[in-house]
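Listed below are the residues making up each chain.
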Amino acid sequence: MKHCRDQTVVATRTEQPLTIAKISVGAWSFAIRVWLATILALFVSFWLQLESPTTAALTVAVLAEPTRGQALDKAGWRLLATVVGVTASIAITGLFSQARDLILAAFAVWLGVCVFAAKLLDGYRAYAAVLSGYTVAFIATQQLDNPQHVFESGMARGAAIVIGVLSIAVVNTLMFAPDRRSHLVTQLAAIHRRVRLYASAARRGEPGDSTTFLTLLREIVALRPEIASVAPESSGGSIESAAGRSSVVSLIAELQAARSLNSGCARDGDAETEILGRSEVLIRDEQVSQDLLALSSGKWPRRWWRAPLYRSYRIAAESAIRAALWLAITSAFYVWAGWPAASVSLSFVTLMVGLGATTPKPRGFTAIVLVATPIAIALTGMLEFFILDGADDFPLLAIGLAPFVIGAALPIASGNLLWSSLGRTILAFTMLLLAPSNPQTYNPQAFLFTSMFIIAAAALLLAAQTLIPPLSDDERRMQLLAEARRELREPSSKNGETPEEAMFRGASRLGQFLSAGGAEDSEALAEMVSCFDQSAIIRCGGSKPTPPGDGRYDKDLDLPEVT
């Protein structure tokens with residue numbers, strides 16, 4: 001027995017990832033890639049004598065993602081959003097160049113439109129929507145006194161962003177950054193095994209576990225935005241992305257079929273009805289296996305299913321109105337105070353409003369920024385006035401940046417949402433405050449004023465969000481529940497959705513409900529799950545899944561072995 005226990009311990013230890021200073025080698029590799037990409041972006045910007053090398057370094061900080069596909073996907077949307085933002089900047093300043101107040105009002109409306117779009121999207125698409133909004137802040141509002149320079153400023157920003165994108169793409173390629181597809185296959189296979197276990201319990205007639213069902217559903221739905229990151233990784237990425245979408249839709253269908261059997265829906269009738277319920281679980285399981293095989297082999301799935309996202313236009317509209325009001329309040333304060341260079345602080349307000357809109361709790365994001373900003377100020381001050389201390393040599397800048405960039409990038413790869421947010425904020429604000437240039441300027445007064453403006457921006461935004469609170473979790477839950485009830489009374493097919501696609505969209509809504517603290521509201525959660533169950537029964541009641549292969553699963557009522 002002792003020998004067996006020793007073998008088990010050894011096997012467990014070999015599965016642990018390699019670590020250095022209790023940090024995984026993968027996290028170290030990621031942080032070093034971010035540092036090298038930052039140095040490359042600055043070197044090329046200095047060599048080309050770009051007007052805004054800081055933007056190139058910031059682009060690297062923004063695109064700091066653990067896998068190559070995520071960085072490329074985010075880069076593509078960043079480029080597109082920059083084009084939209086520059087176009088909006090030119091249009092707004094062209095229409096209201098003679099009236100500063102009208103420019104600020106138009107800017108607030110534009111930001112509200114961008115936040116509305118972001119709330120209807122997810123992943124990097126939502127980020128691109130808000131980027132289109134706060135790009136206007138960094139171009140148009142900082143050129144309020146010189147509107148004729150908006151076009152030149154936009155072109156300079158675009159050139160620097162291209163340099164940043166190319167830099168991180170080159171470094172990720174040369175250092176063999178991991179692909180998203182292999183990790184996605186592993187994640188989906190692990191979830192599939194757990195769904196099989198849940199289905200096996202349902203087949204044996206064991207009582208259903210709602211917690212397991214909701215956990216699995218939330219994990220499956222959460223993979224939707226990440227599947228899009230597979231597409232840019234290779235020439236066949238679009239095929240693999242399609243297979244990934246079909247896989248998550250199939251997993252939701254199998255999970256719901258097992259839940260129906262588990263809750264006794266299939267056993268309420270005669271033996272034939274129960275057999276059909278078990279057969280559906282097996283058919284759905286085989287569909288998932290086929291989609292996962294297509295994903296791992298890079299082939300088109302047999303059924304090209306979309307994974308539609310549930311969109312609440314009411315929640316998006318209310319969030320957009322609040323974002324526009326926050327910007328309007330802070331703009332009015334800056335105009336009333338008459339601060340010099342207030343447009344710089346207003347740009348940071350817009351940045352925080354936009355990025356906060358992509359998080360579940362905008363006010364919490366502002367609080368994180370308020371905590372991270374003093375840390376970034378202290379680190380940047382140490383770097384600029386104690387370590388570099390007037391040095392102009394690029395190698396010294398590269399070496400001096402290393403501990404600060406790597407140290408800020410390590411929390412991003414931790415997987416912890418709080419630490420990741422802090423690390424990303426510190427990394428970005430360090431680049432903003434340092435403002436690398438050629439030659440590097442060392443102006444304590446400018447550094448002090450910029451630091452003060454950033455802190456003032458975060459404090460003013462937090463005050464505005466206290467005066468007009470963001471949409472609360474309770475309000476979001478009640479709105480989602482009301483929309484679920486209405487859809488149950490008036491079922492309809494959107495954009496030609498199949499029953500499986502409509503089921504995934506319903507699962508997406510349930511996932512949003514859980515993200516809004518739905519697990520703490522047991523009564524509302526029970527009704528929400530009931531609406532999801534009834535909607536799935538209505539949509540799939542007249543549409544039986546087609547048995548794959550030779551149809552042997554109609555007779556064999558045992559699930560495949562869970563491996």
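Scroll up to find the structure this text is about.
Note that the coordinates shown come from a computational prediction; the quantities given were computed from them, not determined experimentally. (Residues numbered from 1 in each chain as written. Predicted model: local features only at pLDDT ≥ 70, side-chain atom pairs only at ≥ 80, totals over all residues. Heavy atoms only, no water.)

A. Structural detail: the overall build of the protein. In terms of helices and strands, the protein carries 21 helices and two strands. Within the protein, the proportion of its 563 residues that are buried is 51%. In the form shown here, the protein has an accessible surface area of approximately 25,600 Å², with 62% of it arising from carbon and sulfur atoms. (Helix = DSSP H or I, 4+ residues; strand = E, 2+ residues; numbered from the N terminus. Buried < 20%, exposed > 50% of the residue type's maximum accessible area, 1.4 Å probe, protein only. Areas by Shrake-Rupley, 256 points an atom, 1.4 Å probe, with all protein chains shown as cover.)

B. Expanded view of a nonpolar patch on the surface. Together, Ile32, Leu36, Val170, Leu174 and Met175 make up an exposed nonpolar region whose accessible area comes to about 390 Å². Of all the elements in the fold, those that place two or more residues in the nonpolar patch are helix H2 (25-48) and helix H7 (150-174). Turning to its location among the elements, Met175 is positioned in the loop between H7 and helix H8 (180-203). According to the relative accessible area criterion, Met175 is partly exposed, its value standing at 30%. (Patch = residues over 30% accessible without salt bridge, like charges linked within 9 Å, V, L, I, M, F, W, Y side chains within 5 Å. Salt bridge = Lys/Arg side-chain N within 4 Å of Asp/Glu carboxyl O.)

C. Fine view of the nonpolar core. Ranked by internal contacts, the top residues of the largest apolar core, which has 92 residues, are Val34, Leu401 and Phe429. A total of 11 residues in this core trace back to one element, the largest contributor, which is helix H16 (residues 394-412). Phe429 has contacts with Leu351, Val369, Thr373, Ala376 and Ile454, leaving out every residue within four places of it along the chain. Counting 52 residues, the second-largest nonpolar core is a separate cluster that includes Phe213, Leu223, Ile252 and Val281. (Core = buried A, V, L, I, M, F, W, Y, C linked by side-chain atoms within 4.5 Å. Contact = heavy atoms within 4.5 Å.)

D. Structural view of the environment of Val62. Mapped onto the secondary structure, Val62 falls in helix H3 (residues 53-62). With a relative accessible area of 19%, Val62 lands in the buried category. Along the backbone, Val62 and Gly164 are 102 residues apart, and their C-alpha atoms lie at a distance of 9.6 Å. Not counting the four nearest positions on each side in its chain, Val62 is found in contact with Lys74, Arg78, Tyr127 and Arg424.

E. View of the packing of helix H6 (residues 123-139) against H7. Running from N to C, H6 and H7 point in directions that differ by 125°, and their axes come no closer than 10 Å. It follows from the interaxial angle that H6 and H7 lie oblique. Note on packing geometry: the crossing formed by H6 with H7 is right-handed. Between H6 and H7, the contacting residues are Leu131, Tyr134, Thr135, Phe138 and Ile139 on the first element and Val150, Ser153, Gly154 and Arg157 on the second. (Axes fitted to C-alpha atoms, helices over the stretch in contact; angles between N-to-C directions. Parallel < 35°, antiparallel > 145°, perpendicular 65-115°, else oblique. Left-handed = near helix turned anticlockwise from the far one by under 90°.)

F. Broad picture of the packing of H2 against H3. At their nearest, the axes of H2 and H3 sit 9 Å apart, and the two run at 160° to each other. Here H3 runs roughly antiparallel to H2, going by the angle between their axes. Crossing hand, H2 versus H3: right-handed. On H3, the residues that touch Val34, Ala37, Thr38, Ala41, Leu42, Ser45 and Phe46 of H2 are Pro53, Ala56, Ala57 and Val60. Split into classes, the residues belonging to the contact of H2 with H3 amount to nine nonpolar, two polar and no charged. (Nonpolar A, V, L, I, M, F, W, Y, C, P; charged D, E, K, R; others polar.)

G. Structural context of the pattern of salt bridges. Evaluation of the coordinates by the stated rule reveals 23 salt bridges. The partner of Arg322 in a salt bridge is Glu318, with the nearest N and O atoms 3.8 Å apart. Here Arg322 and its partner Glu318 are both found in helix H13 (residues 313-337), four residues apart, which amounts to about one turn of the helix. Residue Arg322 is classed as buried on the basis of its relative accessible area of 19%. Take Glu318: its relative accessible area is 21%, and that puts it in the partly exposed class.

H. Structural view of the environment of Ile227. With respect to the helices, strands and loops of the structure, Ile227 is situated in helix H10 (residues 224-227). For Ile227, a relative accessible area of 1% corresponds to the buried category. Measuring from C-alpha to C-alpha, the distance between Ile227 and Gly69 comes to 9.6 Å, with 158 residues separating the pair along the chain. Those residues in contact with Ile227 that lie beyond four places of it in its chain are Leu184, Ser241, Gly244, Arg245 and Val248.

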